[in-house]
Every structure is written in C-alpha cells, then in structure tokens.
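So you can see what is in the structure, the chains are spelled out below.
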Number of protein chains: 2
Amino acid sequence: MSMTATKPLPRPEPHQLAGAIEALAARFGNRLITSQAVRDQHAHTTTWLVPQPPDAVVMAEATADIQDVVRICAAHRVPVIAFGTGTSLEGQVNAPAGGVCIDLRDMNRILAVHADDLDCVIEPGVTRKALNEHLRDQGVFFPIDPGADASLGGMASTRASGTNAVRYGTMRENVLALKVVRGDGEIITTGTRAKKSSAGYDLTHLFVGAEGTLGIISELTIKLRGIPETIAAAACSFTTLEGACRATILAIQTGIPVARIELLNEAQVQASNAYSKLTLPETPLLLLEFHGTADEVAAQSRLFAELAAECGGGGFEWTTRPEERTRLWQARHDAYWSVKSLRPGAGIVATDVCVPISRLADCVVETEADLKRLGLVSPIVGHVGDGNFHCSMLADVNDVDEMARGEEFMHRLVERAQAMGGTCTGEHGIGQGKQKYLVGELGPAALDAMRAVKQALDPLNIFNPGKILPPQ
Amino acid sequence: MSMTATKPLPRPEPHQLAGAIEALAARFGNRLITSQAVRDQHAHTTTWLVPQPPDAVVMAEATADIQDVVRICAAHRVPVIAFGTGTSLEGQVNAPAGGVCIDLRDMNRILAVHADDLDCVIEPGVTRKALNEHLRDQGVFFPIDPGADASLGGMASTRASGTNAVRYGTMRENVLALKVVRGDGEIITTGTRAKKSSAGYDLTHLFVGAEGTLGIISELTIKLRGIPETIAAAACSFTTLEGACRATILAIQTGIPVARIELLNEAQVQASNAYSKLTLPETPLLLLEFHGTADEVAAQSRLFAELAAECGGGGFEWTTRPEERTRLWQARHDAYWSVKSLRPGAGIVATDVCVPISRLADCVVETEADLKRLGLVSPIVGHVGDGNFHCSMLADVNDVDEMARGEEFMHRLVERAQAMGGTCTGEHGIGQGKQKYLVGELGPAALDAMRAVKQALDPLNIFNPGKILPPQ
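Residues numbered from 1 in each chain as written. Chains lettered and ligands numbered in written order. Predicted model: local features only at pLDDT ≥ 70, side-chain atom pairs only at ≥ 80, totals over all residues.

Caption draft 1: Up close: the overall build of chain A. Secondary structure assignment for chain A yields 17 helices and 18 strands. Taking 23 Å as the expected radius of gyration for a compact globule of 472 residues, we find that chain A reaches 22 Å, a close match to that expectation. Projected onto its principal axes, the C-alpha coordinates of chain A cover approximately 70 × 55 × 40 Å. Counting every position in chain A, which comprises 472 residues, the buried fraction comes to 58%. Considering only contacts in chain A between residues 6 or more positions apart, those separated by 24 or more positions represent 73%. (Helix = DSSP H or I, 4+ residues; strand = E, 2+ residues; numbered from the N terminus. Rg over C-alpha atoms; globule rule 2.2 N^0.38 Å. Buried ≥ 20, exposed ≤ 12 C-beta atoms within 10 Å, placed from the backbone. Contact = placed C-beta atoms within 7 Å.)

Caption draft 2: Unusual backbone geometry, seen in detail. A positive phi angle, close to 65°, is found at isoleucine 468 of chain A, a residue other than glycine. Despite not being glycine, arginine 159 of chain B has its phi angle at roughly 55°, a positive value. A residue is classified by how many C-beta atoms lie within 10 Å of it, and arginine 159 of chain B, with 26 of them, is buried.

Caption draft 3: Expanded view of the nonpolar core. Within the largest apolar cluster, 284 residues are counted, with the highest numbers of intra-cluster contacts made by Val69, Val100 and Ile102 of chain A together with Val69, Val100 and Ile102 of chain B. Other than its neighbours up to four places away in sequence, valine 69 of chain B contacts Leu24, Val58, Ala60, Val80, Val100 and Ile102 of chain B. (Core = buried A, V, L, I, M, F, W, Y, C linked by C-beta atoms within 7 Å.)

Caption draft 4: Quick peek at the domain arrangement of chain A. For chain A, the assigned domains read domain 1 (14–105), domain 2 (110–226), domain 3 (229–428) and domain 4 (434–459). If you average the C-alpha positions of domain 2 of chain A and of domain 4 of chain A, the two centres end up 24 Å apart. (Domains from an automatic or database assignment.)

Caption draft 5: How the structure looks around the interface of chain A and chain B. Contact residues are listed per partner, giving 75 residues for chain A and 76 residues for chain B. Only β9 (187–189), α8 (203–207), α9 (241–254), α11 (294–310), α16 (435–442) and α17 (444–457) of chain A provide two or more residues apiece to the side of chain A that touches chain B. Among the elements that line the side of chain A that touches chain B, the one with the most residues is α17 of chain A, at nine residues. Here the residues of the side of chain A that touches chain B sort into 32 nonpolar, 28 polar and 15 charged. (Nonpolar A, V, L, I, M, F, W, Y, C, P; charged D, E, K, R; others polar.)

Caption draft 6: Representation of the relation of the copies chain A and chain B. For the pair chain A and chain B, the superposition axis carries a translation of 0.0 Å, the fit reaches an RMSD of 0.0 Å, and the rotation angle comes to 180°. Read as a symmetry element, the transformation amounts to a two-fold axis. The overlap is high: 100% of the interface residues of chain A also sit at the interface in chain B, so the same surface is used on both sides. (Least-squares fit on C-alpha atoms with pLDDT ≥ 70 in both.)

Caption draft 7: Quick peek at the pairing of strand β18 (residues 388–395) of chain B. Residues and elements named next belong to chain B. A large share of β18 lies buried, amounting to seven of its eight residues. With eight bridges connecting them, strand β16 (residues 347–354) and β18 associate as antiparallel partners. From the neighbouring strand, glycine 347 faces β18, where its bridge partner is alanine 395. Summarising the sheet, strand β17 (residues 380–383) and β18 pair through four bridges and their orientation is antiparallel. Paired with glycine 382 across the two strands is phenylalanine 389, which belongs to β18. A loop of four residues connects β17 with β18, the two strands running antiparallel in sequence, and glycine 387 in this loop sits at a positive phi of about 75°. (Pairing = 2+ DSSP bridges.)

Caption draft 8: Region of interest: the sheet that holds strand β17 (residues 380–383) of chain A. Residues and elements named next belong to chain A. With antiparallel pairing, seven strands are arranged side by side in an open sheet as β15-β12-β14-β13-β17-β18-β16. Each having just a single partner strand, β15 (313–319) and β16 (347–354) make up the two edges of the open sheet. Within this sheet the neighbouring strands show an average axis-to-axis angle of 20°, counted without direction. Sheet strands in contact with α11 are β12 (230–238), β14 (285–292) and β15, and its direction is about 155° off that of β14. (Axes fitted to C-alpha atoms, helices over the stretch in contact; angles between N-to-C directions.)

Caption draft 9: Up close: helix α1 (residues 14–28) of chain B. All names here are of chain B. Between the first and last C-alpha of α1 there are 21 Å, a value that for 15 residues agrees with the 21 Å anticipated at 1.5 Å per step. Within α1, burial applies to Leu17, Ala20 and Leu24. Projected down its long axis, α1 shows its buried positions confined to an angular sector of 65°, all on one face. Structural note: α1 exposes Pro14, His15 and Ala26 on the side pointing more than 90 degrees away from its buried face. Where α1 is buried, its residues meet β1 (32–33), β2 (56–59), α3 (63–75) and β4 (100–103). Trailing α1 by a residue or two, glycine 29 shows a phi angle of about 55°, which is positive. (Expected span 1.5 Å × (residues − 1). Arc of directions from axis to C-beta.)

Caption draft 10: Spatial organisation of helix α10 (residues 266–276) of chain B. All names here are of chain B. Looking at α10, one finds that the buried residues are Gln268, Val269, Ala271 and Ser272. Angular distribution of buried residues about the axis of α10 spans 160°; they occupy a single face of the element. Those residues of α10 that are buried lie in contact with β13 (258–264), β14 (285–292), α12 (322–333), α13 (335–340) and β17. With its phi angle positive at about 55°, lysine 277 sits one or two positions after the end of α10.

Caption draft 11: Region of interest: the packing of helix α1 (residues 14–28) of chain A against helix α3 (residues 63–76) of chain A. Residues and elements named next belong to chain A. The contact between α1 and α3 brings their axes to 9 Å, and the two run at 155°. For the element pair α1 / α3, the angle class is roughly antiparallel. In this structure, the crossing between α1 and α3 has a hand that is right-handed. Only Asp68, Val69, Ile72, Cys73 and His76 of α3 make contact with α1, whose side of the interface consists of Gln16, Gly19, Ala20, Ala23, Leu24 and Arg27. (Parallel < 35°, antiparallel > 145°, perpendicular 65-115°, else oblique. Left-handed = near helix turned anticlockwise from the far one by under 90°.)

Caption draft 12: Summary view of the environment of serine 161 of chain B. One can find serine 161 of chain B in the loop between α5 (152–158) and α6 (165–168). In sequence terms serine 161 of chain B and asparagine 174 of chain B are 13 residues apart; their C-alpha atoms lie 9.9 Å from each other. Those residues in contact with serine 161 of chain B that sit more than four places away from it in its chain are Lys196 of chain A together with Ile144, Pro146, Thr170, Met171 and Glu427 of chain B.

Right under this line is the structure:
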C-alpha cells in the first residue's frame, strides 16, 4: 500500500479526447465542465488511493443526456465514469485512463411511488435521505443505510449495504429492476415491477455491483418497506468478544428479526467514550435496534436479553424513546470521527471484510492481535449479524514504515477472511483497491467468466475501465 | 399452442454424436444409457410441450463425471442437458437438438451443514425433502417449497420459489454460492460462504435461473433458517376477490411476516370441496401460515384477522395443532388433483404469471372473465403475497378447437400481466414454452445482452441449447 499504488492506464489518443470534448461541448454547452477544480472534485479521495481526475465532467439532467455522452464517448473510444456522490471507498470513481465523468446528481427525480406494491421508481442521483424524506408521509421507507448519504445509483453499483442489512438485505436484495444505458446508447431494461420473476438471465443482479463497468444505470426500481410502528434501541456490553458474537449467532438462529446489530470492539468503545463523552464499559459492545409493533419489539428485546445473559452480556438496556435511541446510537454514528480524533492529522484507511458468522470472533480477535503486533491503531466496528466488519486504520501516508506495516496488515486481514470462507469485501466493492484479492477468493475460472461478461457487454472497454478486473 | 409447437433444432452430425457416445461409453461403462425407455424418462412431459428425448443419459456420481461429460461433449460439439428430478414445467429438460443428458440424482450428498452460519453445502441432486429430513435434528431447515420434491440444482437453475417465498424469498435470495462446470470442464466458483459480498460481478445470480444454459451446477451453498418454535395455519373466506387481495396488501404493508399466504379462487374452492370432501364457503379463500414464537404467531394471527375483517373476510380460524394445520392446507396441497378430477382424462396445462400486488385482483378478475368467455376451465391458485398466480387449464390435447382457445387464453394472460407491469413467469421459467414473451417483457436490448452473455460463457452453444433465448 502506498499513495502511488494505482497505476494509470493507457489514455485515449489526444485527438480522440479532443474530438469527444468538442462534441460534448456542442451538445451540452456549460454543462460540460473541464476546470481543474471540478475535475478534482470528481476524483476519488476518501481513502488512500491516489485521486485520478477525469478529463471532463458532464452534468446530466435526463436519460437522453447519458445516452448522448455514452454515444459520443463510444464514437471516440473515450472512457465514461458514472458519478453519484463520490462516497465510494475503493476508488470506484477514479479515472485511471482519463475520460468523461457523468455527474448524475441532477437526475434526482422520484418518478413513481407505489406504496401498495412497496416499490418506487427513481433516477440514479436520488440520495437515500432525500428518498426517505419524500416517502415518509406515505408510511414507507427504503431500508438500506450505508452511512453516507449516497445516491441510489451508486449504492446499486457498489452493491452497498450497511447497518440494517441484517434484516432488510443489501442492494442485492432490494433492486427489482434497472434501466441501463449500454455502449451504443440504447437502453437495457433488466426486469419488471413484479416481486419475483424467472424470465431469463438475471440482468438486474449483473448490473448491481458492477461498479459502472458494464453500462450506466439511468433508472432504478427498488423495494420499500412499511415504516415500523415501533423502533427500539438497545445496548449490551460483553465480557468477551466471543460472547458478543455468540449472542449474535443465537439471536439470528432463533430468528429474532433484529433490524440492526452492531459490534464495537474495546478500542472503538474507548475511542467513542473519549470523543462522545460517554461512560460505556470499555469492553466489547453490541448496539441493537428492533422494529415492529410495540409488543413485538418488547418481546424481541426480552428474548435477546435472555440470550445475551447466557453469553456474558450485561447491563442490557433498551428504549423506544427517540432521544434515548439517539443517545445509544451516538457511539456508532460518531465512530469515524472518534477514530479520527485519536490522532489529529492522520489519515484513515477504511477497509471491510465479511466472514461466515461462526468465524467472526476468531477473525476479529486475530485481527486485533495483528494490529498490536504491527503497532497499528485501528478500531473495529462490525455489522456483526452479517459477519461483516470494518477496520478504520489510522495512518500517516508520509510515513513509509507505517504504510508498509499497514499494507501488511491489510493483506493479512483479507487473507484471513478468505481462509475462513469469507470475502475480501462485504460492502465496499473491489474498485481499484481490492483487485489483487479477487483471484485468491474465487479462482481464475471466475475471473475468466467476469472478463468474458465484460467483453460481451462492453466490447470497447469504455465503461469505467480499470475497475474490478485486475490487469492481465 | 399445440403438441407440436416446439420445433426441433439442428442436431449434431451423426459422426459427432457417435464419437461422443463412444467416448462416454469408454469412460462411464453402464452408467451411459441409450435405451429408448430411459431416454424417454428424461424428456420433459409434465405439460403440453412435446417430449424431446436426449440421445443418451449419463448417471453422474461426482463432479469429475460432470467435467468429463462436458469435455467429451464439447470436443464433439454435442449438447449437454442437466437433469435433476424432471419436474420443471416449461420444457427445461427437453433435448430439441438431441445430445447427452446428465442425470444428477446420484449426486445427492450433503457435504457440510453449518448450523451456526445458517448455510449448507450440497450436491445438485439433493432434493428439498431429503435435505430437510437431514437437517431436522439440527434445528434448521431450507425454506423454499415449490410443491414438487425437486432437486436443489434444478430449483436453482429455474429460480424456483413457491408457497413460502413471501417470507423467505425465492432461490434468487437463498443461494449463496455455486460451483459450475464450464465448457472446457473447468470449475467456476461464484462466491463464498460470507452472507454478503461486493467482490466483483454477481456470477451466482447469473447462473441461478439460467436453466443450465451457461454451465452445469456441480455444488451449491444455500441459506438455511432456524425451525420456528411455533407454526400456525389459518383460513379466511372473502366475499370478493378484491377483498382477499386487499387484505394481503395490508398484511404485507403492515409488515406481518406471513410465511405463506395463498389465494384459491371460487372455481378452485369448488374443485377442492368436491375432491377433498370439504365444506368451505365457495368464495375466494386465503390460506395462511404464521411462523414464530407462540406469542408472535398469536399476535400475527390476531392482527391479520383484524385486517381481513376490514376487507370482507369472514370465518377466520387459526390453529397451531399439526392435524388441524394439515386439514386447513388440504385444499391447497390437493389443488392439482382436484382440478384433474373435474375432467378425468383431460390434460392440465399449468402456467404462471406475476404482477405487482396492487394489480393482482384486476389481473385475476380479468383472467376469470376471459376463461368464461372462451369456455375454458382453469381454477386459479396464487402465491398472492408475491402477486404470483397459477392457472391450471384443463384441455384435451386432441381437441383442436379447445387447444386454439387455450392458446389464445395463454397469450392474453401473459400480455395482461406484462401490461400491468408484471412478468410472463414468476417461478416456472422460460424454457421452451415462454421464449416468445421475453422480448415483449424486457425489450430487444435485454435480449441482446442475454445473447451476448450466452455467447461469452458458452461459445460452442453446447449447454441446453434451445432454452430461454428465442431463435433469431
């Protein structure tokens, strides 16, 4: 790992790029932007990856805009990179071969809400907070919450999930259908509003998680849920990390429909206490949320308290009062800032892995030991009901030695997760950062299949080149 | 529609077929079978499609067998058709171009059960009943129930679902990872045991529902659930079909986690009363199942009864006693036989469509009117929580006029569902029977994408040719 790890790719010939930009300028006027500042804003900068700005940015306002950008770029063999809010974490919006970024923030219309069917149809630039604001009066909500106020197009493209995936699934489970602009500008419709279908290959899932490498999502049909009558929050400290994981396994196996179940390791609780002025016991902590009727929520909390007590969980407290819920979740929501405050000025390298839940305790304990051995600071939070956890490693990017130890740590973390039957990324995606781990996880035949699909659907290699698939 | 609707495809040259069979005989001895009786058993005969037997059947016992069959067939350009239990409904196991059927029934080992992780690893020939028998002692079960005791490999390949998909999802939501034998005999691993992943293209979902046209599934990792503490069954008659659908919508929107919610229309209740000697009111009926703790199940039933009463539902009764549950579900389980008994000797043409739930009442009412107009008999049962319903049309395949009216009915049913934002098949798949409807549902660009994927992953077109994709 270093700030120069991601190699630039061969760029289009200057005449190709000039031709594309000329055509885009004629079509889009001042919605085509080539200023350095705007280009820089569209290069990925949220982690340790080097920003690689596009050559130009087009502010798209309608599907026809996407179609025309793609057609022009295809004609000139210039890359096209879709951009939502730029909150991806593995370099998904970087432009290693240059090219044109399509900024979709203005494609933020909610085209239809079907509350009876629990679905809605939206443009890709709609963010999850704006969507839920819009939906609130109709008694429905969209459940996926990756933390950032990301765009739904981006969330679909990275197969995002977050804290309440344990109950409601990830973007994989919550996209019903897409419209996708393909390389010649035509639109692929991947499904209908029917809740289930056996009609042909599952193109919807092929584009969900493809990180914009197979086409540009221009419309999404996504599932909604009824807003629960009652929401309760709970916190429970454990004497051991194994105990916290065991309680989680029992809860899932018993079928308690927890809406959120988040682990904070000892280091994270310490950081949170310091930053958020809390007095939580500095031992592994589970934060939970229950959704349902008042009776269901009470029963779920009671049942979980019993299971937790069997696993060394103590001080279980739960509440349905909104201000109390906020207090309990404070530590989780401020986790990033609490880590940042441990060492002002240092960068945070965020990463995630996901393992079968039975191996979670082992994986976290070994990871903690590794951090200690390498002299690194990286509190851990986890979407523990899914076996998914995050390390937020503090690092000075100018400290060569620390970065080398960080690199070793990251490698070992991924290999540990994979050796336990897990994946190198539960929700951040592959992007640029994790390409080297894909073959170790799935083997060369899976990579061949992915390359064949990429070649089949994007023969010109114009869609977000340099992402997901490692160089051959 | 007629018994000769499915045109044969060009077959391999005789020397190619002879070469393949010679090589297979050398490798498999008496596990290669070419008798007419066995070939006929492996041709699809459960609906109106013409049986098209393969040229030979190989009884596979291990992954290496599948690999060798595929390698030999690829070398001789001979089709390969995977066969589980032969219970698919749209001609998925027919051999319109001839070729070699791989019978996977003996690949029925359960390779690993991870009760803590709620997953298991199995061979493709394991059937759902055998699996649940094996799992019972460990407190877990596999929830997908398409009716038939199908093999899990076949269920994955057709993206099967059934009565409790409303709560537990379909095969789409319940396959974690696959191993798939590709055209050169190498094995593609599509995922890990991690509950979620953002690692590259979603190959798992690409093979789920591909009907064996992209490779042969040799291993599945599937999700399990904890066996619920309490199971309750309920029945509720409605004065109108709209009322039954409205009660279902309210239940789903309120978040009542019904495990099953099945609609029987008036014609089906009449047939069931006659066949099963029941005295149900001959009006639309909902049959329900609730899973949870005793308290949860009681609360769910109570809440549903309130909603149903608002929608004209009466005579709601529920029970947790197994023999009572069986009695209540009798009408549903015997639906096929009850229809069959209406006209002994006639065939049953089974079909399914799926619409957004808000359109279900309209769709069923219009379908009933159409049947009446055309003088056809076809009781309707529906997985109403998903907007999915089945028509079981009685037809004499030798009656040209009746078959013509049946054909018109089927066309209109599919077009009606598609016009309402639905799909031509919720769970039976495309196979041979529904190819002509795919372009109307998704448009030519989606078909192009599917053809490109097929070409990319099966360039020799040896995997189950003549399925899903309509001839160009």
